Amino acid sequence: MTNKTLGVGVISLGWMGRLHTRSYKSMAERYPELGVEIRLVSVCDPIVENQEFALKALGFSKAVDHYMDVINDPDVDVVSICSPNYLHHEIALAACAAGKPFWIEKPMGVSSKQSAEIAQAAQKANLITSVGFNYRHTPAIEESRKIIAEGKLGQVTNVRCWLIADYASAPEGPYTWRYDRALAGAGVVGDLMSHGADLIQYVLKDRISHVSALTGTFIDQRPIPTKAGVGHSGWEVSDELHDVENEDYVAALLRTENGAVGTIESSRVSVGPRAEYILEVYGTNGSLRWNFEKLNELEVCINSDNPEAHGYVRSLANPYFPHFSRFQPGAGTSMGFDDMKAVECFKFLSGVLTGKQIGPSVADGWSAAEVDEAVVRSAADGCWHEVAQVVGKTTFNG
């Protein structure tokens, strides 16, 4: 790679837009071998306070009202799409039409149809892309993928994955776009379960092929907000209520293309777990466990000839795990959520600079959306549903 300047445009400066920005700014320190100078050229956000923050605190050169002003800016080389779900489709298609590589948050659209159209347009334009499946970049997850690929667990038999959170557990929490089916799709299915689907496919290098699911909505109404916040906090609400239109909970049985079976579960209304995102993989010769709430730990059990000491080994993330040494000097000093996005940013920019798809692709995003779609169909009729295959370069099996 040769020294190059990349102009960055960020669309929507909520929590995730700010995290993308921090990730870009971290590249010079974390991955100096990229040989790239990052320029924060333009940000789009309709909220004046966010525009002022972008200029004064984050160092953007421009702040604009419309996303096309970012996409069409000749100084913008790459685009981050961090807007609410319902805007992903039109913004991503505009980026494709302009030939701008983009890093988009998941779910890519509010349906598999929208995700397919984004993926097909990006593939037609031959664009390098990245989708926000940040959990796959955790060093312990990368190490898990390596352990499984090397056959240390034997033949994978079954997998368990659940993403249980409480961010929507308060009935007095505001009615936002997240609870509107037209704007957010199938609620927690796309918001959290899509992460689980990608984690399973990525770690196993295997596609989820069939699902049988159920869903539930437990908080039927929420108060209409009077003041917008950032992410899940800072909102103010009225006494007027609005019906919740999408899912609070999902659970599914699954089969993979290579014959493994498993379960996947997600909730946004569980009282107690804050972000209990857990992956367990079982094979004929061992198993492993990972929990996002302890993201720097990996539990591994591999059969041995010593039954008295048989059990899980707790391994702290360390410089032998992928990417860990970029952030911390040794085991016992923890990485955090933001660091996973920095790794994601590195893979995106590496792809842009080399012309190779390295990070999670739009085909990966489309693949997860097809799992979501099959889950919703199954929950509606109570039957097993086949997950449609996608066309394009998925990186989970690469």
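Structural notes, computed from the coordinates. The structure displayed is predicted, hence computed values, not measured ones. (Residues numbered from 1 in each chain as written. Predicted model: local features only at pLDDT ≥ 70, side-chain atom pairs only at ≥ 80, totals over all residues. Heavy atoms only, no water.)

## Here's the deal with the pattern of salt bridges
Taken as a whole and assessed by the stated rule, the structure comprises 21 salt bridges. Members of the salt-bridge network, linked through shared partners, are E105, K341 and E344. (Salt bridge = Lys/Arg side-chain N within 4 Å of Asp/Glu carboxyl O.)

## Looking at the nonpolar core
Y24, I200, L279, V281, W290, L349 and V375 are the most contacted members of the largest nonpolar core, which totals 79 residues. A total of ten residues in this core trace back to one element, the largest contributor, which is helix α8 (residues 188–204). Discounting residues that sit within four places of it in the chain, V375 has contacts with V189, M193, V211, A213, V250 and A252. Membership of the second largest hydrophobic core comes to 29 residues, among which are V70, A122, V362 and W366. (Core = buried A, V, L, I, M, F, W, Y, C linked by side-chain atoms within 4.5 Å. Buried < 20%, exposed > 50% of the residue type's maximum accessible area, 1.4 Å probe, protein only. Helix = DSSP H or I, 4+ residues; strand = E, 2+ residues; numbered from the N terminus. Contact = heavy atoms within 4.5 Å.)

## Focus: the packing of aromatic side chains
Working definition: an aromatic ring pair is given by the centre-to-centre distance plus the angle between the planes. For the structure on display, the rule yields 14 aromatic pairs. Aromatic side chains Y31 and F346 sit 3.9 Å apart centroid to centroid with 10 degrees between the ring planes, which places their arrangement in the stacked category. Remark: F346 occurs in helix α9 (residues 337–354) and Y31 occurs in the loop between α1 (15–30) and β2 (36–44); sequence separation between them is 315 residues. According to the relative accessible area criterion, F346 is buried, its value standing at 15%. Ring centres 6.5 Å apart and planes at 65 degrees place the aromatic pair Y86 and W177 in the edge-to-face group. (Phe/Tyr/Trp six-rings, centres within 6.5 Å; stacked < 30°, edge-to-face > 60°.)

## Observations concerning α9
In this model α9 runs 26 Å from its N-terminal to its C-terminal C-alpha over 18 residues, within 8% of the 26 Å that 1.5 Å per residue would give. Counted residue by residue, α9 has 15 buried out of 18 residues, so it is predominantly covered. In the segment just after α9, G355 is the residue with positive phi, at about 75 degrees. (Expected span 1.5 Å × (residues − 1).)

## So, the sheet that holds strand β12 (residues 261–267)
Ordered by their spatial adjacency, nine strands build an open sheet running β16-β15-β14-β13-β7-β12-β11-β8-β17, and the pairing between neighbours is mixed. Every other strand in the sheet has two partners, leaving β16 (313–316) and β17 (385–386) as the edge strands with one partner each. Bridge count for strand β8 (residues 208–216) against β17 is two bridges, and the pairing is antiparallel. Paired with V211 across the strands is H385, a residue of β17. Seen against the sheet, helix α6 (residues 139–149) touches β7 (156–165), β13 (275–283), β14 (286–291) and β15 (297–302) and runs at an angle of roughly 20 degrees to β15. (Pairing = 2+ DSSP bridges. Axes fitted to C-alpha atoms, helices over the stretch in contact; angles between N-to-C directions.)

## As for the pairing of β15
Bridging between β14 and β15 involves four bridges; their strand directions are antiparallel. Bridge assignment links G286 to a residue of β15, and that residue is I302. In this structure, the hairpin formed by β14 and β15 is closed by a connection of five residues. Where β15 meets β16, four bridges bridge the pair, whose relative direction is antiparallel. The residue of β16 that forms the bridge with L298 is S315.

## Some thoughts on the sheet that holds strand β5 (residues 102–104)
With parallel pairing, the six strands of this open sheet are ordered in space as β3-β2-β1-β4-β5-β6. The outermost strands of the open sheet, each flanked by one partner alone, are β3 (62–64) and β6 (129–131). Pairs of neighbouring strands in the sheet enclose a mean axial angle of 20 degrees, with direction left out of account. As paired elements, strand β4 (residues 78–81) and β5 share three bridges and run parallel to each other. Residue V79 lies in a different strand from β5, and its bridge partner there is F102. Where helix α4 (residues 85–98) meets the sheet, its contacts fall on β1 (4–11), β4 and β5, and the angle it forms with β5 comes to roughly 165 degrees. Sitting on the sheet, α9 touches β1, β2, β4, β5 and β6, and the angle it makes with β5 is about 150 degrees.

## Considerations on the environment of K294
Summarising the element assignment, K294 is placed in the loop between β14 and β15. A relative accessible area of 52% places K294 in the exposed class. Taking C-alpha positions, K294 is 28 Å from S367, a pair spaced 73 residues apart along the chain.

## Structural notes on the packing of α6 against α8
Contact geometry for α6 and α8: axes closest at 8 Å, N-to-C directions at 45 degrees. Comparing their axes, α8 and α6 come out oblique. Within the contact between the two elements, α6 uses I141, E142, S144, R145 and I148 and α8 uses L199, Y202, V203 and L204. Of the residues that constitute the contact of α6 with α8, the class distribution is six nonpolar, one polar and two charged. (Parallel < 35°, antiparallel > 145°, perpendicular 65-115°, else oblique. Nonpolar A, V, L, I, M, F, W, Y, C, P; charged D, E, K, R; others polar.)

## A closer look at the environment of V250
Looking at the secondary structure, you find V250 in strand β11 (residues 249–256). Placed 18 residues apart in sequence, V250 and R268 show a C-alpha to C-alpha distance of 9.5 Å. Setting aside anything within four residues of it in sequence, one finds V250 in contact with V188, V189, M193, L214, T215, I264, E265, S266 and V375.

## So, unusual backbone geometry
A cis amide bond links K106 with the next residue in sequence, P107, at an omega value of -10 degrees. Even without glycine at this site, S12 takes up a positive phi of about 85 degrees. Note on placement: S12 falls in the loop between β1 and α1. One non-glycine residue, K205, adopts positive backbone phi at about 55 degrees. Along the chain, the position of K205 falls in the loop between α8 and β8.

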